[in-house]
Amino acid sequence: MSNPKQLKSVLTSLREAIASTEKEETSSTTTTIKSFCLVLTSELSSRGIAIDLPPPQDDNYTSEWIISLLESIQMNAGKVAIDDVDNSNDKYPIPMMAALNAAQGMATSTCATVCCPVHIYNNGDEYLDTFELLPINNCTGVAKAYKEAMKRCQDVDDGRFYTLLKLVSTLTPPDVVDTSKSKIRQLKLQQIRQLQHTFHTMAYANYLHGAVNYAMDQPPMWKRCLDAALLLNDCNDDGNNELFATSINSNNNSGSELNYKAYFNSQTIQPLNNMIRIAQAKGNEKRAKELSLLLAVGYLGGVRERLEEMKATKKDTTTSASEGEEKKLSAFSVNVLVQKFYVDRTPLPIELEIMTVPSLLEYAEKALSACEHRPTIVEISSSSSLEKESWLLYHYIQEQMDHLAEESMIWSDVHRQYRAMLNRKPESNLPSIGAKKSKSTTGGTKASSKEEMELQTRTKVYAAAYDEWKGDSLKLELLPSLALRDAVVSLSSSSSPTIPQSMTDIVQDCHCSLIHQMERLEAMAVIVQKKSKTSAKDALSMWEAVLSFISPLMGGCGDGDMLSSNVTLRSLLETCSEAIIVASWMCEPLVESGDDVSDEIKNLPKLLSDAQRFLTACKSGRVEEKRLLDEKNKEESVLSSKESQSDLEKKSALRLECAIETSRCRAEIDSALLDVDEVEINTVTAIARRATISAAGGFKNISDCNSPLLSATSSKALFGTPYLHFLSVWSGMYLSPWPFCNVGQARTILKQARDALRLSTKYWGRRPSKLEQVLLD
């Protein structure tokens, strides 16, 4: 193309062809090939090469036409792009360069839409089996032209064309004879999903390049860039799940009006920043504030990405042998090629990459401060679901900023320790160098795994957080998560407690955040309690703070009818109920009879009663959920949930069983002894019998975990279950000891109670009371 008029004509025909492809209602292999050919054509246009496309009404992209397209790529590979900033060409006007980048973005975006795994899966096995970007398997002429074009691109080091052509070879079946057709199809769906992610990345890079260099003040280009970033985040999963093909239809959007989850993505930062700048320049402050809320989410997405990188720490690789040598294109993976020749083409994402976690959090706080003051629940109760979702998101972001700041502190230290350990370790096939290990290098309690490092570092960070909080007299209002808790409670107890469908995602995320905060407070209480210098008063104050945080959640969110269908609410109330039972067990030896009992301790009986009710509902919900999962697994002929249960799932099941048993035992003792002048013999007898059976039976349907902290024995010690069994059995009829036990059972029950006190002191820092010591000596 020698003049702008010719380029304009090419871009017009290209846009018409893209629009025609987008309007096609039925997809086929021809549609896929056509959309990918348009991507190649748009890249040729950026080199100043005009390609005559078939008319939009004629979808006959024949093998001869595709071969001619590949030959054009072979002849023009290596030419400098006319929109290259470093080699600017004054021949073409800036708006036309912006239109060129927009056309490239539209072409790759259309190709990503065609590569939708859900759509392909729903169209049947035949469509999946024949899915390809170019007909290189069925046409020898196309295959030959394709290989020659690939070789030419590699010879002249044309990374952009080479990247596009290499995508064609990513849809190759595995070279394994025994692989079944279903496995091959699952693998191909995963490949297509990764291909869709790659096309979305290219679309984002093209829009970003055009917006930064040629349309800085044009909202439509930035909006397209933002849309591509949101789509990129939607398919950002690796797709390694074996059941991907069968569960793909369940990954539907819950209907969030804000679609805020997609904004947890650092790629949204630059488009949002520029859209806010343009809105402010036009005096549209309302729009600027709306976008600022989402910009804060984008910055937090950048923090999450950096945390994931820290968690995936690998050993430093030495590059001295290849240092200074330039790698060939064939040595790079597709992801590296896309990053190198598309994303890194524009400098703004590179600047984003070097942002530290503290700077991202600082920018997030600045963006959030630009939002208008959030109203109270009384003011928001009559608002629309979108306004309610924004209101709750505001509080969620506030909590996440403090949470992610603490997590980054923990994982940056773990990252540093783990890398140092890996770099110290010799290679497995090389002998160790040096003399025998000295005591100084082998002794101590130094962590030898990432999990141990995380536990030690988290303990240190939580201890420091407690010391700072204690300096402020453990004031609950200083907790960053308190505003989120109050918002969730207010929303649940409002005049219209039914949560709109559009708010399901944000409410569930808030529940998960509160679960983490509950676990954090409980862990902090244990850390404080385990310190030898901690007084009983300080330990009791910490557990009282835990109960103060829980109490409104139990009263405001405790709708037993919703627990079977709302998994996150069930998990939240389950965590709260378990924490109440743990707190009551830990506080018993700390409360002296002469002390003034706090309101939190006075309210414990009511909280324990609520906890028992919620735990029973939670277990019913779990049983129903497991039944449905077993039915699904039976239909799909996959491993049962029990066989694939993780340690965390086992821990959760153990805690629930122990908590239910403990709460039942406490409730029975309280009901038998409360406000009764003479103990009812039959009631106490029944309690003693049940306690004997429970103490002897254990939890036969629950498997122990690998870690001693997650075993059934230590879980019982956390709740005090064996000691309550001991009290129930020991009291017996007329308070005479061991009426329903033989000698062996009595010894077992006594040993379990002693072990519970010992383990609760060892693992959880509980201090046994004098009465407990006397009874068990």
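Everything numeric in this text was worked out from a predicted model, so none of it was measured.

How each quantity is defined
- Residues numbered from 1 in each chain as written.
- Predicted model: local features only at pLDDT ≥ 70, side-chain atom pairs only at ≥ 80, totals over all residues.
- Heavy atoms only, no water.
- Helix = DSSP H or I, 4+ residues; strand = E, 2+ residues; numbered from the N terminus.
- Buried < 20%, exposed > 50% of the residue type's maximum accessible area, 1.4 Å probe, protein only.
- Contact = heavy atoms within 4.5 Å.
- Areas by Shrake-Rupley, 256 points an atom, 1.4 Å probe, with all protein chains shown as cover.
- Expected span 1.5 Å × (residues − 1).
- Salt bridge = Lys/Arg side-chain N within 4 Å of Asp/Glu carboxyl O.
- Core = buried A, V, L, I, M, F, W, Y, C linked by side-chain atoms within 4.5 Å.
- Axes fitted to C-alpha atoms, helices over the stretch in contact; angles between N-to-C directions.
- Parallel < 35°, antiparallel > 145°, perpendicular 65-115°, else oblique.
- Nonpolar A, V, L, I, M, F, W, Y, C, P; charged D, E, K, R; others polar.
- Left-handed = near helix turned anticlockwise from the far one by under 90°.
- pLDDT = per-residue confidence, 0-100.
- Phe/Tyr/Trp six-rings, centres within 6.5 Å; stacked < 30°, edge-to-face > 60°.
- Lys NZ or Arg CZ within 6 Å of the ring centre and 35° of its normal.

Undergrad: In this structure, what is going on with the overall build of the protein? I would like to understand it.
TA: Helices and strands together make up the secondary structure of the protein, namely 32 helices and 0 strands. A burial count over the protein gives 49% of its 777 residues as buried. Within the protein, contacts between residues separated by at least 24 positions form 80% of all contacts whose residues are at least 6 apart in sequence. Accessible area for the protein stands at about 38,700 Å²; split by element, carbon and sulfur atoms hold 51% of it.

Undergrad: Please clarify how helix α16 (residues 357–369) should be interpreted in this entry.
TA: Each turn of an α-helix holds 3.6 residues, which means side chains three or four residues apart point in the same direction. Here α16 spans 18 Å end to end across 13 residues, near enough to the 18 Å set by a 1.5 Å rise per residue. Considered for burial, the residues of α16 that qualify are Val357, Ser359, Leu360, Leu361, Ala364, Ala367 and Leu368.

Undergrad: Would you take a moment to explain the pattern of salt bridges for this structure?
TA: Side-chain pairs of opposite charge can arise whenever the charged atoms involved come near each other. Evaluation of the coordinates by the stated rule reveals 30 salt bridges. Notably, a salt bridge pairs Lys223 with Asp227, separated by 2.8 Å at the nearest N-O pair. Taken together, the residues span about one helical turn, with Lys223 and Asp227 both in helix α10 (residues 219–234) at a distance of 4 residues. Of the residues examined, Lys223 reaches a relative accessible area of 34% and is grouped as partly exposed. Since its relative accessible area comes to 31%, Asp227 is described here as partly exposed. Between Arg758 and Asp755 there is a salt bridge, with its nearest N and O atoms 3.6 Å apart. Highlighted residues: Arg758 and Asp755, both in helix α31 (residues 743–764), separated by 3 residues, approximately one helical turn. By sharing partners, the salt bridges in this structure join Glu43, Arg47, Asp158 and Arg160 into a single network.

Undergrad: Would you mind showing me how to read helix α22 (residues 504–530) here?
TA: If you check α22, its first and last C-alpha atoms are 39 Å apart, about what 27 residues at 1.5 Å a residue would give, namely 39 Å. Counting buried positions along α22 gives 21 out of 27 residues, so the element sits mostly inside the fold.

Undergrad: Sorry, what's going on with the environment of Arg416 here?
TA: Its place among the elements puts Arg416 in helix α18 (residues 385–424). Expressed as a C-alpha distance, the spacing of Arg416 and Met310, which sit 106 residues apart in the sequence, is 8.9 Å.

Undergrad: Would you mind showing me how to read the nonpolar core here?
TA: Soluble, globular proteins show a tendency: their nonpolar side chains are buried together. Membership of the largest hydrophobic core comes to 211 residues, with the highest contact counts inside it found for Phe199, Leu392 and Trp543. Sorting elements by how many residues they give to this core places α18 first, with 14 residues. Setting aside residues no more than four positions away along its own chain, Trp543 makes contact with Glu522, Ala525, Val526, Gln529, Val582, Ala583, Met586, Cys587 and Leu590.

Undergrad: Looking at this structure, how should I read the packing of helix α3 (residues 63–76) against helix α7 (residues 140–155)?
TA: Think of two packed helices as two axes; the pair is described by the angle between the axes and how far apart they sit. The interhelical angle for the contact between α3 and α7, taken along N-to-C directions, is 10 degrees, at an axis separation of 9 Å. Here α3 is positioned roughly parallel relative to α7, judged by the angle of their axes. Packed against α3, whose contacting residues are Ser63, Ile66, Ile67, Leu70, Ile73 and Gln74, the element α7 presents Gly141, Val142, Ala145, Tyr146, Glu148, Ala149, Arg152 and Cys153 at the interface. Here the contact of α3 with α7 is composed, by residue class, of 9 nonpolar, 3 polar and 2 charged.

Undergrad: Just to check I follow, could you spell out the packing of helix α21 (residues 482–492) against α22 for this structure?
TA: Packing of α21 against α22 brings their axes to within 10 Å, and their N-to-C directions diverge by 135 degrees. The orientation of α21 with respect to α22, classified from their angle, is oblique. Here the hand of the crossing between α21 and α22 comes out left-handed. Side by side, α21 and α22 meet where Leu484, Arg485, Val488 and Leu491 of the first sit next to Val507, Cys510, His511, Ser513 and Leu514 of the second. Per-class residue counts for the contact of α21 with α22 are 6 nonpolar, 2 polar and 1 charged.

Undergrad: When you look at the confidence of the model for the protein in this model, what are you seeing that I'm missing?
TA: Low pLDDT means the predicted coordinates in that region are not meant to be read closely. Across the protein, the average pLDDT comes to 81, with 77% of residues at or above 70. Per-element mean pLDDT across the protein ranges from 35 in helix α11 (residues 244–247) up to 95 in helix α12 (residues 269–281). Every residue in residues 237–254 scores below 50 in pLDDT, and together they form 29 contacts with partners more than four places removed in sequence or on other chains. Confidence drops under a pLDDT of 50 for residues 318–324, and excluding neighbours within four residues, the segment shows 0 contacts in the predicted structure.

Undergrad: Looking at this structure, I do not really get unusual backbone geometry. What am I missing?
TA: Trans is the prevailing form of peptide bonds, just as negative phi is the prevailing case for residues other than glycine. Notably, Ser473 is not glycine yet its phi reads approximately 65 degrees, a positive angle. Tracing the backbone through its elements, the reader meets Ser473 in the loop between α20 (450–470) and α21. Of note in the backbone geometry, Leu474 takes a positive phi value of approximately 50 degrees without being a glycine. Assignment of secondary structure puts Leu474 in the loop between α20 and α21.

Undergrad: Got a minute to help me understand the packing of aromatic side chains in this structure?
TA: Aromatic ring pairs: the centre-centre distance and the angle between the two ring planes describe each pair. Tallying each qualifying case throughout the model produces 7 aromatic pairs. Ring centres of Trp585 and Tyr723 lie 5.7 Å apart, and the angle between their planes is 40 degrees; on these two criteria the pair is classed as tilted. On the criterion of sequence distance, the pair formed by Trp585 in helix α24 (residues 567–587) and Tyr723 in helix α30 (residues 721–731) is long-range, its members being 138 residues apart. We note that Trp585, like Tyr723, is buried. Ring geometry for Tyr723 and Phe726: centres 6.0 Å apart, planes at 35 degrees, overall tilted. Placement of the pair is Tyr723 and Phe726 together in helix α30, with a separation of 3 residues, close to one helical turn. You can call Tyr723 buried: its relative accessible area is 5%. Residue class for Phe726 comes out buried when judged on its relative accessible area of 1%. Site record: aromatic cluster; members linked through ring pairs are Tyr260, Phe264 and Tyr396. Over the ring of Phe549 we find Arg485, and its NZ or CZ is 5.4 Å from the ring centre.

Undergrad: Teacher, can you tell me more about the environment of Leu361 here?
TA: With respect to the secondary-structure elements, Leu361 resides in helix α16. Exposure remark for Leu361: the relative accessible area of 12% places this residue in the buried category. With 59 residues separating them along the chain, Leu361 and Gly302 place their C-alpha atoms 9.1 Å apart. In this structure, Leu361 is in contact with Leu300, Val303, Met401, Leu404 and Ala405, ignoring residues within four places of it in sequence.

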